[in-house]
Amino acid sequence: MLDDFRADVRRYTSLPGYRGLLWWMLDQSFWVILSYRLIATARGTWMHAPLRVLEKLAEFVFKCYLPTTTTIGPGLVIYHAFGVIVNGKTTIGANCTLYARVCIGNRWPGDGTPVIGDNVTIGTGACIFGPVVIPDNFVVKANAVITPSSLPTPPVGAAS
(Lines give C-alpha, C1' and ligand atoms only; values in the text may rest on other atoms or scores of the structure.)
Protein backbone atom coordinates (compact mmCIF):
# COMPACT_ATOMS: atom_id res chain seq x y z
CA MET A 1 0.00 0.00 0.00
CA LEU A 2 2.68 2.46 0.98
CA ASP A 3 4.58 1.69 -2.22
CA ASP A 4 1.43 2.37 -4.28
CA PHE A 5 0.89 5.67 -2.49
CA ARG A 6 4.53 6.64 -3.03
CA ALA A 7 4.00 5.90 -6.74
CA ASP A 8 0.88 8.11 -6.68
CA VAL A 9 2.91 10.96 -5.16
CA ARG A 10 5.86 10.43 -7.52
CA ARG A 11 3.58 10.54 -10.54
CA TYR A 12 1.78 13.62 -9.32
CA THR A 13 5.03 15.49 -8.63
CA SER A 14 6.30 14.69 -12.14
CA LEU A 15 3.33 16.34 -13.87
CA PRO A 16 3.43 19.84 -15.34
CA GLY A 17 1.89 22.46 -13.11
CA TYR A 18 2.96 20.74 -9.90
CA ARG A 19 3.31 23.38 -7.15
CA GLY A 20 4.84 21.38 -4.34
CA LEU A 21 3.68 18.64 -2.01
CA LEU A 22 2.20 21.08 0.49
CA TRP A 23 -0.03 22.54 -2.22
CA TRP A 24 -1.14 19.04 -3.28
CA MET A 25 -1.89 18.12 0.34
CA LEU A 26 -4.41 20.98 0.42
CA ASP A 27 -6.27 19.39 -2.50
CA GLN A 28 -9.11 16.95 -1.81
CA SER A 29 -7.70 14.54 -4.42
CA PHE A 30 -4.71 13.91 -2.16
CA TRP A 31 -6.99 12.93 0.72
CA VAL A 32 -9.23 10.76 -1.47
CA ILE A 33 -6.23 8.77 -2.72
CA LEU A 34 -4.61 8.58 0.72
CA SER A 35 -7.81 7.39 2.42
CA TYR A 36 -8.34 4.79 -0.33
CA ARG A 37 -4.78 3.46 0.03
CA LEU A 38 -4.91 3.36 3.84
CA ILE A 39 -8.28 1.62 4.12
CA ALA A 40 -7.61 -0.72 1.17
CA THR A 41 -4.61 -2.18 3.01
CA ALA A 42 -7.08 -3.82 5.39
CA ARG A 43 -8.91 -5.57 2.53
CA GLY A 44 -9.16 -9.28 3.30
CA THR A 45 -8.74 -8.80 7.06
CA TRP A 46 -11.26 -8.46 9.87
CA MET A 47 -10.42 -4.72 10.04
CA HIS A 48 -11.81 -3.94 6.58
CA ALA A 49 -15.50 -3.98 7.55
CA PRO A 50 -15.15 -1.49 10.42
CA LEU A 51 -12.87 0.74 8.33
CA ARG A 52 -15.52 0.94 5.60
CA VAL A 53 -17.28 3.39 7.93
CA LEU A 54 -14.32 5.73 7.36
CA GLU A 55 -14.70 5.11 3.61
CA LYS A 56 -18.28 6.38 3.84
CA LEU A 57 -17.13 9.38 5.86
CA ALA A 58 -14.54 10.17 3.17
CA GLU A 59 -17.26 9.87 0.51
CA PHE A 60 -19.44 12.33 2.43
CA VAL A 61 -16.63 14.83 3.00
CA PHE A 62 -14.95 14.67 -0.42
CA LYS A 63 -18.04 13.95 -2.57
CA CYS A 64 -16.03 11.25 -4.32
CA TYR A 65 -16.91 7.54 -4.15
CA LEU A 66 -13.76 5.47 -4.48
CA PRO A 67 -14.56 2.28 -2.55
CA THR A 68 -11.73 0.28 -1.08
CA THR A 69 -13.00 -2.87 -2.79
CA THR A 70 -11.92 -1.35 -6.11
CA THR A 71 -8.55 -2.58 -7.37
CA ILE A 72 -6.35 0.36 -8.36
CA GLY A 73 -2.76 0.15 -9.53
CA PRO A 74 -0.02 2.53 -8.41
CA GLY A 75 0.37 6.02 -9.83
CA LEU A 76 -3.26 7.16 -9.68
CA VAL A 77 -3.89 10.88 -10.27
CA ILE A 78 -7.31 12.45 -9.78
CA TYR A 79 -7.87 16.03 -10.85
CA HIS A 80 -10.79 17.69 -9.09
CA ALA A 81 -12.09 14.59 -7.33
CA PHE A 82 -15.55 16.09 -6.81
CA GLY A 83 -18.23 13.86 -8.29
CA VAL A 84 -16.02 10.89 -9.20
CA ILE A 85 -17.90 7.60 -8.76
CA VAL A 86 -16.23 4.20 -9.17
CA ASN A 87 -17.93 0.84 -8.70
CA GLY A 88 -16.34 -1.36 -6.03
CA LYS A 89 -15.73 -4.23 -8.46
CA THR A 90 -13.89 -2.14 -11.04
CA THR A 91 -10.23 -2.69 -11.83
CA ILE A 92 -8.08 0.34 -12.71
CA GLY A 93 -4.52 -0.14 -13.91
CA ALA A 94 -1.30 1.69 -13.08
CA ASN A 95 -0.66 5.35 -13.87
CA CYS A 96 -4.26 6.25 -14.66
CA THR A 97 -5.69 9.76 -14.57
CA LEU A 98 -9.29 10.62 -13.68
CA TYR A 99 -10.87 14.03 -14.07
CA ALA A 100 -13.96 15.48 -12.34
CA ARG A 101 -17.38 13.82 -12.54
CA VAL A 102 -16.13 10.53 -13.99
CA CYS A 103 -18.51 7.61 -13.46
CA ILE A 104 -17.25 4.03 -13.80
CA GLY A 105 -19.48 1.07 -12.99
CA ASN A 106 -22.13 -1.38 -13.99
CA ARG A 107 -25.32 -0.68 -15.95
CA TRP A 108 -27.57 -2.48 -13.45
CA PRO A 109 -27.05 -4.67 -10.37
CA GLY A 110 -25.34 -7.90 -11.32
CA ASP A 111 -23.92 -6.52 -14.58
CA GLY A 112 -20.17 -6.70 -15.14
CA THR A 113 -17.86 -3.79 -14.42
CA PRO A 114 -15.13 -2.15 -16.48
CA VAL A 115 -11.48 -3.13 -16.51
CA ILE A 116 -9.30 -0.08 -17.15
CA GLY A 117 -5.79 -0.68 -18.50
CA ASP A 118 -2.53 1.04 -17.58
CA ASN A 119 -1.78 4.67 -18.51
CA VAL A 120 -5.41 5.49 -19.28
CA THR A 121 -6.77 9.04 -19.06
CA ILE A 122 -10.48 9.48 -18.46
CA GLY A 123 -11.74 12.99 -19.25
CA THR A 124 -14.22 15.14 -17.34
CA GLY A 125 -17.74 13.80 -17.28
CA ALA A 126 -16.92 10.52 -19.03
CA CYS A 127 -19.03 7.47 -18.15
CA ILE A 128 -17.88 3.88 -18.58
CA PHE A 129 -20.57 1.28 -17.87
CA GLY A 130 -20.74 -2.49 -18.02
CA PRO A 131 -18.24 -5.24 -18.77
CA VAL A 132 -15.93 -3.32 -21.07
CA VAL A 133 -12.15 -3.35 -21.30
CA ILE A 134 -10.37 -0.05 -21.86
CA PRO A 135 -6.94 -0.86 -23.36
CA ASP A 136 -3.60 0.44 -22.13
CA ASN A 137 -2.59 3.97 -23.16
CA PHE A 138 -6.16 4.91 -24.14
CA VAL A 139 -7.73 8.36 -23.74
CA VAL A 140 -11.45 8.50 -22.98
CA LYS A 141 -12.55 11.94 -24.16
CA ALA A 142 -14.54 14.31 -21.94
CA ASN A 143 -18.26 13.48 -21.71
CA ALA A 144 -17.83 10.21 -23.62
CA VAL A 145 -20.17 7.34 -22.75
CA ILE A 146 -18.74 3.86 -23.21
CA THR A 147 -20.93 0.76 -22.89
CA PRO A 148 -20.75 -2.70 -24.40
CA SER A 149 -22.48 -2.85 -27.75
CA SER A 150 -25.65 -4.90 -27.71
CA LEU A 151 -25.61 -5.25 -31.49
CA PRO A 152 -22.91 -7.03 -33.46
CA THR A 153 -20.73 -4.82 -35.63
CA PRO A 154 -21.51 -5.37 -39.32
CA PRO A 155 -18.60 -6.55 -41.46
CA VAL A 156 -16.67 -3.88 -43.35
CA GLY A 157 -18.29 -3.18 -46.72
CA ALA A 158 -21.65 -4.76 -45.78
CA ALA A 159 -24.75 -3.05 -47.14
CA SER A 160 -26.86 -1.26 -44.56
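Along each chain, residues carry numbers from 1 onward, in the same order as the chain's sequence is written. Confidence filtering applies because this is a predicted model: local features only for residues at pLDDT of at least 70, side-chain atom pairs given and counted only at 80 or more, and all residues used for totals across whole chains, interfaces and linings. Side-chain descriptors were evaluated using all non-hydrogen atoms of the structure, hydrogens and water having been removed beforehand.

(A) The overall build of the protein, seen in detail. Along its length, the protein carries 4 helices and 12 strands. What you see for the protein is a C-alpha radius of gyration of 17 Å, in line with the 15 Å of a compact globule of 160 residues. Along the first, second and third principal axes, the C-alpha set of the protein runs to 60 × 40 × 25 Å. Only protein chains enter the accessibility calculation, which uses a 1.4 Å probe; a residue is then buried when its area is under 20% of its type maximum, exposed when over 50%, and partly exposed in between. Buried residues in the protein amount to 42% of all 160 residues. In this text, helices come from DSSP runs of H or I with a minimum length of four residues, and strands from runs of E with a minimum of two, each type numbered from the N-terminal end. Throughout, the radius of gyration refers to the C-alpha atoms, and the reference size of a globule is 2.2 Å times the residue count to the power 0.38.

(B) Looking closely at a nonpolar patch on the surface. Judged by side-chain polarity, L54, L57, F60 and V61 come together as a nonpolar surface patch covering roughly 420 Å² of accessible area. On the secondary structure map, V61 appears in helix α4 (residues 48-62). Excluding any residue in a salt bridge, patches collect residues exceeding 30% relative accessible area, merging like charges within 9 Å and nonpolar Val, Leu, Ile, Met, Phe, Trp and Tyr side chains within 5 Å. For the accessible areas, the method is Shrake-Rupley and the probe is 1.4 Å, while residue cover comes only from the protein chains on display. Basic side-chain nitrogens of Lys or Arg form a salt bridge, by our definition, when they fall within 4 Å of a carboxyl oxygen of Asp or Glu.

(C) Seen up close, the state of the cysteines. Here, the term disulfide refers to a pair of cysteine sulfur atoms separated by no more than 2.5 Å. This structure, assessed with the given rule, holds 0 disulfides. Among the cysteines around C127, which has no disulfide bond, C103 carries the closest sulfur, lying 5.1 Å off.

(D) Representation of the packing of helix α3 (residues 28-40) against α4. What counts as an axis is a line fitted to C-alpha atoms, over the stretch in contact for a helix, and the angles between N-to-C directions run from 0 to 180 degrees. Relative orientation of the contacting elements α3 and α4 amounts to 170°, with a least axis distance of 10 Å. Taken as axis vectors, α3 and α4 run roughly antiparallel relative to one another. Between α3 and α4, the contacting residues are Q28, W31, V32, S35 and I39 on the first element and H48, L51, L54, E55, A58 and F62 on the second. For this classification, Asp, Glu, Lys and Arg are treated as charged, while Ala, Val, Leu, Ile, Met, Phe, Trp, Tyr, Cys and Pro are nonpolar and the rest, including Gly, are polar. Residue classes in the contact of α3 with α4 are distributed as 7 nonpolar, 3 polar and 1 charged. Angles below 35 degrees are treated as roughly parallel, those above 145 as roughly antiparallel, those between 65 and 115 as roughly perpendicular, and all remaining angles as oblique. Residues count as neighbours in contact if any of their non-hydrogen atoms are within 4.5 Å of one another.

(E) Main features of the pattern of salt bridges. Summed over the entire model, instances satisfying the criterion amount to 6 salt bridges. Put simply, D4 and R37 hold a salt bridge, and the shortest N to O gap is 3.7 Å. Linking D4 in helix α1 (residues 2-14) with R37 in helix α3, this pair joins segments that are 33 residues apart in sequence. We classify R37 as buried; its relative accessible area is 3%. What you see here is one network of salt bridges that share partners, running through D4, D8 and R37.

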